[in-house]
Amino acid sequence: MEIKEERSSDEARQFLPSSQVDSLGEPQFTSIQRIANEPKLEFSLACKDLAAATRDRKLNTFIQVSVVHPAEHILTRYSSTEIVEGTRDPLFLTGVTFPPEYPIYEETKIKLTVYDVKDKSQDTVRTGVLPDRKEPRADVGRSFLGCTTFRVGDLVKSKEQQLTLTLRTSDGGRTVGTIEVNLVKMGELEDGETDHITTDAQDQKCALVRECTATEGLSGKDNLPSLNAVLKNPICKLYRFPTSDNKWMRIREQMAETTLSFHVPKELINLHIKEDMRRNQELKDLGELAPHWDNMRKSVIAHCDQMLSMYQDTLAELGKHAGSSFKSSCSKGEKTLEFIPINLHLQRMDVHSPRLKDALYDVITVGAPAAHFQGFKNGGLRKLLSKFEAERRNTGYQCIYYSPENTAKAKEVLSNINHLQPLISSHADLLLNSASQHSPDSLKNSLKMLSEKTELFVHAFKDQLVRSALLALYTARPGCVLKQPAVPRNSAEEGGDLQHQDHPSQIKRQDSIPHHSEYDEEEWDRVWANVGKSLNCVIAMVDRLLEKDNISNIKEGENDPSAADCKVLHTGGDWYEQLYPLVITLKDCMGEVVTRAKQSMAFVLLQELACGLPQCLMLTLRRDIVFSQALTGLVCGFIIKLHTGLHDQGFLQQLHTVGLLVQYEGLLSTYSEEAGMLEDMAVGISDLQKVMFKVIEAKSEDFLPVITGRREHYVIEVQLPAKMFELLPQEIKQGKLLRMYPVLFNVGINEQQTLAERFGDTTLQENINQENLELLKEYYKLFTEKMPPDCLPHFQEQNDLKGLLENLHQNIQAKKRKNVEIVWLAAMICRKLNGVRFTCCKSAKDRTSMSVTLEQCSILRDEHQLHKDFFIRALDCMRREGCRIENVLKNVKCRKYAFNMIQLMAFPKYYRPPEGTYGKADT
C-alpha cells in the first residue's frame, strides 16, 4: 500500500471524528483485543545512534506520529513526543495512546518521523495549525532526519512486545539510526526503580505522557450515568514521575467540559422572565394612581417590558445552541452568549503513589464572571452599585426612597405570598374533603397542616414596611385625607396570639383601600389579624366536632357494642356544612390580606425602579449576567464534589451541618479593564451566598439539576440515581437545604499589575482579600464548633489550619507586590476544609493554566513525595504536553499561550511557561 506524504490540515485533531469512525469501522479488519474502557493501544518510543548533519552537532529531536488506515491512502497526523535535547540516543518520555473509540486495527500502519529542532521558539509546526494542503516550510526551525513505518499487528503480536525499526532518509536510501517501539501496559508502569531515567536522561524535559479520552477514567464506574449528564469531551494525559525514594508515581491529568455551561444560564434566564412578568403584572394591578405616580408607573412598565423582551430574545438565541457545552475565550464579548461562563472546565489530577493512598484533586477553571459585552468603561458592579445607591438617596420629591434592605424585604414578602397562598388554599380544601368523609384522623392532619401554613402566612406580614408602604400607596391615590389614630396600637401584639381571638361573627370584612375617604392607619392591623381569628374559629369548630363524635361513639358503644362498628355516618354532611362557611371566611380574609400586601410591596418596587431608570434595570441585567456565569461554575463544582465525596461520611456530615466552602482564586490585575472585571467578579461571587442546594433522588434518566426561586434566593436541586442517593445521610435525604460559603482571594500577576502597583491603585485587591479573609475565618469557626476534630482530610501533619489562617492573615496585611503566597495558602486551606477550588483569570486559558499546573506539581511535591529534581521538569511537562495546552488549542486554535517575552519578565518565576509554548495568539 502506498503511503502518501502527510497532507492533514488539522494539527489539533487527536483522533478521528465519530462520523469517520463509523465509515471506517469495516468488519474485514482485525480488531485489537483490549480491556473495556481502556485505551486500544499504547506504546513508548526511543531512538539510538541518530546521525547528525555535522559531527559536532547536538541533536534536539522529537518524533511525529502519523496513522494510515488500511482503507485509506492518506496520512493523518496524530501526535508528537516532547523534544529531547542534546543527545543522539533520546529516550522519549512522551508516549502514544489510542483511545477506545479510535478506529485502529492490526492492519493499521503507523509512520514515525524524526525531526531535529534547531530553535524551539520557531517550531510552529508542532504548536500551530497548518493551512489546508500545505507542507511545512523548511525554515520553520526544524529539519527532517528520517522516518519508518510499522503495522500495529506486528507490534501487538511480537514476542517481546517490542519492535526495533531502521530509520531511513526520505528516499529510502541512507540509514540514520534506529527506533525502538515498546508496547505499554498500564499494570506494568509502577514496577521497577527509576535510576535509568534519572541517570541516562538528565536533559529530558518531561516524564511519561500519554493520552486517552475514556470517560471511565474521569468519572468511575458507579458515577458514569449521572456524571456523564454534566461532563463531556474529556481529555486525559498520563504521566509518571519519580518519588524521593526513586519509585514511580502515576498521575492522570484530566480536563472536561460541562453541559451545565448552557443548561444553568437557560434555566436562570427562564426564571428571570417569569419573575419579571409577575412584577410587571403586579405593577399594573396597583389600581388607580394620581397622575404623577401613574405616569411614573407607565414609564417603569415600558422600560421593564423592553428588558423582558431582551431576556426572551437571549433565551431564544441560546436555545439555538443545541448540544453546545463550551464558550471559548474568543467569544467572551458576544452579546448572545453573555450569560454563559467563559471556558468552563473541570481540571482533575488523579494520583497513584507507591506508598501513599490514591488521591483526587479537582479545580474548576473558568473565566472571571464579568459582563464583557457591557464593558468596563465606568468600572464594574462593585463601583457601579455603590454609585447608584448614593445617587438614589438624592432623588428628591419624584419618588420615595426605600433602602436596599427594605426593597429586598418587599421582594421576600411577595415571594412568601406567592408560595403560601396556594398552599393554604389547598390545605383548606383538604380539610373540607376530610369533613365530607367524616374522617377524624384525616381531619386532624389536615387541620395541622392548615394551621402551620397559616401561622407562617400571618407572621410574614408582621413588618413595619407593609404598614408604611400601605400608607404611602394611599397617599398616591387620586385625593386622600389622613387621619391619625387616637390610640396607637401594636400590630405584633394584636396578631401575636392566634389562640385567643374573637369569633368570626365579630369580624368585619374590609373594603379595598379607600381612594377618597379618610385612611385609618390601624386598618391594616385589623385586616391581617382577621386571618388569625378566622383560623382560630376553624380550629374551635374542628375541636367541637371531634369532641361530639368521640362522646357519641362512647355512648353508642356502651348501649350496643356492635352499633359503634356498624354506625351509619349520618353526621358527615353536618361536619362539612358547619366547617364550610368558616373555611370560606378564612380564604376571604386571606385574599384581602394578599391584595393589600401585594399592592403595597409592588409600590415599594415601583419606587426602586422609578428612582433609577434606566440605570437600575441595566445594573440588574449586568448583575444577572455575572451571577449566571458564577452560578454555573458553582453548580458544576458542587456536583463534582458531591460525587467524589459520596463515600466520605465526614464530608457529608460537614456538608449538612456546616455547609460547603467555595474558594475562588483570582489572577486579575487592578489596572484598566481588569479592575472592572474584578469588581464584577467580587459581586457575582458574593451573590452566591443567596444560593442553597438540595439533593433529591432522580425519577428518570435526566440527571441535570433543576433551579427554583427568585433573584434574592435560589435553590438548586441536584439529582442522584437511587443507588447513590441511598449513600447520603438522612438529613440530606430528607431535603435539608445546604449552605454555600463563597470566598475570593485575588493576586494580579501580569505586567498590568506591575503598572497598578507602581503608578495605580491596589486598594480594590487589598479590600477584597481582607473582606474574604474574615468570611473564611467565620467558616473555620463554624467548622471547629460543629464538627469533630477527626473529620479533617488527610495530610494534616505538615500544617494545622489555625497556623495557615494566621499565615494568610499576615501575608494579606504585608501588602507585598504580587504576593502569590496569598492564593497558595487560600488554596491549601480550602483543600484541608473539603472545599471546592476555582481558579480564574480573564479567560481561564493562560494565567489559569500556569496556576493550576503549578498547584498540581506543588501537591505532588508536598503531599506525594515528588523527587525534588523533577519539580521543574514535571511543571514544564504539564504545561507543554498536558491538558492545559489542549485548552489553549480549543480556545484559539493554536498551541501557544498568549504571552510574550516582555510580559513574562513581569510574571512571578513559577508562572512562566516553557520556551516554545508561548507567543502571539488571539485571546
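The structure this text deals with has already been given above.
Not measured: the values here are computed from a predicted model.

Trainee: Explain the overall build of the protein chain to me, using residue names and the numbers behind them.
Mentor: For the protein chain, the helix and strand inventory stands at 29 helices and 22 strands. Counted over contacts in the protein chain with a minimum sequence separation of 6, partners at least 24 positions apart contribute 78%. On the protein chain, roughly 39,300 Å² of surface is accessible, and the fraction owed to carbon and sulfur atoms is 49%.

Trainee: For the nonpolar core, give the residues involved together with the corresponding values.
Mentor: Formed by 86 residues in total, the largest nonpolar core has its most connected members in Phe457, Trp524, Leu579 and Met601. Tallying contributions element by element places helix α16 (residues 572–610) first for this core, with 17 residues. Setting aside its immediate chain neighbours within four residues, Phe457 contacts Leu420, Ile424, Val531, Met590, Val593 and Val594. Residues Leu344, Met724, Leu738 and Met740 belong to the second largest nonpolar core, which totals 59 residues.

Trainee: I'd like to hear about unusual backbone geometry, residue by residue, with values.
Mentor: A cis amide bond links Leu613 to the next residue, Pro614, at an omega of -10 degrees. As for its position among the elements, Pro614 is in the loop between α16 and α17 (615–644). One non-glycine residue, Asn246, lies in positive phi territory at about 60 degrees. A residue is classified by how much of its surface remains accessible, and Asn246, at 22% relative accessible area, is partly exposed. At Asn343, a position not held by glycine, the phi torsion is positive, near 55 degrees. By the element assignment, Asn343 lies in the loop between α8 (291–319) and β13 (345–352).

Trainee: Which residues make up the state of the cysteines, and what values go with them?
Mentor: A covalent bond between the sulfur atoms of two cysteines is referred to as a disulfide. The tally for this structure, following the rule as stated, stands at one disulfide. One disulfide in the model links Cys399 with Cys611; its S-S distance is 2.2 Å. What sets the handedness of the Cys399 and Cys611 disulfide is the S-S torsion sign, and at about 130 degrees it is right-handed. With Cys399 in the loop between α9 (381–392) and α10 (404–436) and Cys611 in the loop between α16 and α17, this residue pair connects regions lying 212 residues apart in the sequence.

Trainee: A description of the packing of α17 against helix α19 (residues 673–687) should follow, citing residues and the corresponding values.
Mentor: Where α17 contacts α19, the two axes come as close as 9 Å, and the packing angle between them is 65 degrees. Classified by the angle between their axes, α17 and α19 sit roughly perpendicular to one another. Taken as a pair, α17 and α19 cross one another with a handedness that is right-handed. Contacts between α17 and α19 involve Arg622, Arg623, Val626, Phe627 and Ala630 on the former and, on the latter, Asp680, Val683, Gly684 and Asp687. Broken down by class, the residue content of the contact of α17 with α19 amounts to four nonpolar, one polar and four charged.

Trainee: Any details on the packing of helix α7 (residues 260–284) against α8? Residues and values, ideally.
Mentor: Contact geometry of α7 with α8 gives a least axis separation of 10 Å together with a crossing angle of 160 degrees. In terms of axis orientation, α7 runs roughly antiparallel to α8. Crossing handedness for the pair α7 and α8: left-handed. Contacts between α7 and α8 pair Phe262, Lys266, Ile269, Asn270, His272, Ile273, Asp276, Met277, Arg279, Asn280, Leu283 and Lys284 from the former with Arg297, Val300, Ile301, Cys304, Asp305, Leu308, Tyr311, Gln312, Thr314, Leu315, Leu318 and Gly319 from the latter. Residues that form the contact of α7 with α8 fall into these classes: twelve nonpolar, six polar and six charged.

Trainee: Tell me what's going on with the pattern of salt bridges, and back it up with residues and numbers.
Mentor: In total, this model carries 32 salt bridges according to the counting rule given. For Glu726, the salt bridge goes to Lys733, with nearest N and O atoms at 3.5 Å. By relative accessible area, Lys733 is classed as partly exposed at 23%. Within this structure, Glu275, Asp276, Arg279, Asp624 and Arg711 form a network of salt bridges that share partners.

Trainee: Describe the layout of surface pockets, listing the residues and the values that go with them.
Mentor: Taking a probe equal in size to a water molecule and rolling it over the atoms shows the remaining empty space. Approximately 1,400 Å³ is the volume found for the second largest pocket. If you go around the second largest pocket, you meet 43 residues; those closest to its centre are Glu275, Lys411, Arg710, Arg711 and Glu712. Of all the secondary-structure elements, those providing two or more residues to the lining of the second largest pocket are α7, α8, α9, α10, α16, α17, β19 (706–710) and β20 (713–720). Across the lining of the second largest pocket, the residue classes tally to 15 nonpolar, ten polar and 18 charged.

Trainee: Would you mind going over the packing of aromatic side chains in detail, with residue names and values included?
Mentor: What characterises a pair of aromatic rings is the spacing of the ring centres plus the angle enclosed by the ring planes. Within the structure shown, the criterion is met by 14 aromatic pairs. Judged by centre distance (4.3 Å) and plane angle (20 degrees), the rings of Tyr664 and Phe838 are stacked. Separated by 174 residues along the polypeptide, Tyr664 in strand β17 (residues 660–666) and Phe838 in strand β22 (residues 836–840) bring together distant segments of the chain. One exposure class covers both Tyr664 and Phe838, and it is buried. Measuring from ring centre to ring centre gives 6.5 Å for Tyr897 and Phe899, while their planes differ by 25 degrees; the resulting arrangement is stacked. By relative accessible area, Phe899 is classed as buried at 5%. Positioned above the aromatic ring of Tyr115 is the side chain of Arg142, whose terminal nitrogen or guanidinium carbon lies 3.6 Å from the ring centre.

Trainee: Lay out the environment of Arg912 in plain terms, naming residues and giving numbers.
Mentor: Tracing the backbone through its elements, the reader meets Arg912 in the segment after α29 (901–905). For the pair Arg912 and Arg879, spaced 33 residues apart in the sequence, the C-alpha separation amounts to 9.7 Å.

Trainee: Explain a nonpolar patch on the surface residue by residue, including any values.
Mentor: A cluster of nonpolar side chains, namely Tyr671, Leu755 and Phe759, defines an oily patch on the protein surface of about 320 Å² accessible area. Tracing the chain through its elements places Leu755 in helix α22 (residues 751–759). For Leu755, a relative accessible area of 33% puts it in the partly exposed group.

Trainee: Can you break down helix α27 (residues 871–881) residue by residue, with the values?
Mentor: Every α-helix winds through 3.6 residues per turn, so residues three or four apart in the chain are directed the same way. Counting buried positions over the eleven residues of α27 gives ten, a clear majority of the element. Turning to α27, its buried residues are Phe871, Arg873, Ala874, Leu875, Asp876, Cys877, Met878, Arg879, Arg880 and Glu881.

Trainee: Describe the environment of Lys598, naming the residues involved and giving the relevant values.
Mentor: Following the sequence through the fold, Lys598 ends up in helix α16. Considered as a pair, Lys598 and Val413 are 185 residues apart in the sequence and their alpha carbons are 8.2 Å apart. Among the polar contacts made by the side chain of Lys598, one reaches the side chain of Asn418 at a distance of 3.4 Å.

Trainee: An account of the environment of Gln765 is requested, with residue identities and associated values reported.
Mentor: The residue Gln765 is located in helix α23 (residues 763–786) in this model. Discounting chain neighbours no more than four positions away, the residues touching Gln765 are Leu668, Thr670, Asn746, Val747, Gly748 and Gln753.

Here is what the cut-offs are and how they apply
Residues numbered from 1 in each chain as written. Predicted model: local features only at pLDDT ≥ 70, side-chain atom pairs only at ≥ 80, totals over all residues. Heavy atoms only, no water. Helix = DSSP H or I, 4+ residues; strand = E, 2+ residues; numbered from the N terminus. Contact = heavy atoms within 4.5 Å. Areas by Shrake-Rupley, 256 points an atom, 1.4 Å probe, with all protein chains shown as cover. Core = buried A, V, L, I, M, F, W, Y, C linked by side-chain atoms within 4.5 Å. Buried < 20%, exposed > 50% of the residue type's maximum accessible area, 1.4 Å probe, protein only. Disulfide = S-S within 2.5 Å. Axes fitted to C-alpha atoms, helices over the stretch in contact; angles between N-to-C directions. Parallel < 35°, antiparallel > 145°, perpendicular 65-115°, else oblique. Left-handed = near helix turned anticlockwise from the far one by under 90°. Nonpolar A, V, L, I, M, F, W, Y, C, P; charged D, E, K, R; others polar. Salt bridge = Lys/Arg side-chain N within 4 Å of Asp/Glu carboxyl O. 1 Å grid on protein atoms, 1.4 Å probe; cavity = no way out; pocket = protein on both sides within 12 Å on 5 of 7 lines; lining within 4 Å. Points joined across faces, edges and corners; volume = space filled by probe spheres on them. Phe/Tyr/Trp six-rings, centres within 6.5 Å; stacked < 30°, edge-to-face > 60°. Lys NZ or Arg CZ within 6 Å of the ring centre and 35° of its normal. Patch = residues over 30% accessible without salt bridge, like charges linked within 9 Å, V, L, I, M, F, W, Y side chains within 5 Å. Polar contact = N/O pair within 3.5 Å; in protein donor to acceptor, adjacent residues only side chain to side chain.

Distances and angles like these do not, on their own, reveal function.
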